[in-house]
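Structural overview
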Amino acid sequence: MASSSNGDSPGRQVRSSSRPRPEPKPGTERIRVLVSELKRERILSAAIDLFYEQGYARTTLDQVARSLGVTKPFIYQYFTSKNDLLAEICSRAIRDAHDTLNRTLTQQGTATEKLKTIVRDFTHTVLDNQANAVIYSREEKELEPKDRETIKRMRRDFDHRLVDLLEEGVRQDEFVIEDLRLTAMVIGSIVGWSPVWY
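Just so it is clear, the model here is predicted, and its values are computed rather than measured.

Turning to the pattern of salt bridges, a few remarks are in order. Here the structure, examined in full by the defined rule, presents 9 salt bridges. The partner of Glu88 in a salt bridge is Arg92, with the nearest N and O atoms 2.9 Å apart. Of the two residues, Glu88 and Arg92 are both situated in helix α4 (residues 82-105); the distance of 4 residues between them amounts to about one turn of the helix. Overall, Glu88 belongs to the buried group, its relative accessible area being 14%. One salt bridge connects Glu88 with Arg95, and the closest N-O pair in it is separated by 2.8 Å. Classification of Arg95 as partly exposed rests on a relative accessible area of 33%.

Set out below in structure tokens:
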């Protein structure tokens, strides 16, 4: 009896030529994420150096790419534009402030002790990341409106939470403050401008 021309004869099972993909080894995905984060940080670091040294307007993505020894498509894998880079740099400055606030407000202590810790740690963070702070204060006007509004909202949230701490100190007779909101804004501004003085 002749066999079927298509090979699908009775009793014969057709096997797929494609092999199942092997399961990723434990930790492989984590390594991939870490490598991606490292590449992203390299791009940010190069952009920070160039924005700080020659300004945002005079810096091109070609220059950022050349400083890394890569091409622009490499950068576009992680950032959609030069302005996207600027938004990340500027938002980091205020996120650092929030991190300091969050860390301190969860600790035990009086309002005075917490305020001292916030000002000290926030100042150290700003000085350790001077370029970010300087770029933010100098280039904020270059941000896209939506990014500028997002960062302003983060700043307002920081000020409101600082006001709450000052208010707590007033209730406990630790502080005498007439204008809580203005005082919070002054504290933030003094720390934020510290790279100009050091």
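Further notes follow.
It is worth spelling out the side chain of Thr117 at this point. Its location among the elements puts Thr117 in helix α5 (residues 111-128). For Thr117, the side chain forms a polar contact with the main-chain oxygen of Glu113, separated by 3.0 Å. Apart from the residues within four sequence positions on either side, Thr117 is in contact with Thr104 and Phe122.

Parameters and conventions
- Residues numbered from 1 in each chain as written.
- Predicted model: local features only at pLDDT ≥ 70, side-chain atom pairs only at ≥ 80, totals over all residues.
- Heavy atoms only, no water.
- Salt bridge = Lys/Arg side-chain N within 4 Å of Asp/Glu carboxyl O.
- Helix = DSSP H or I, 4+ residues; strand = E, 2+ residues; numbered from the N terminus.
- Buried < 20%, exposed > 50% of the residue type's maximum accessible area, 1.4 Å probe, protein only.
- Polar contact = N/O pair within 3.5 Å; in protein donor to acceptor, adjacent residues only side chain to side chain.
- Contact = heavy atoms within 4.5 Å.

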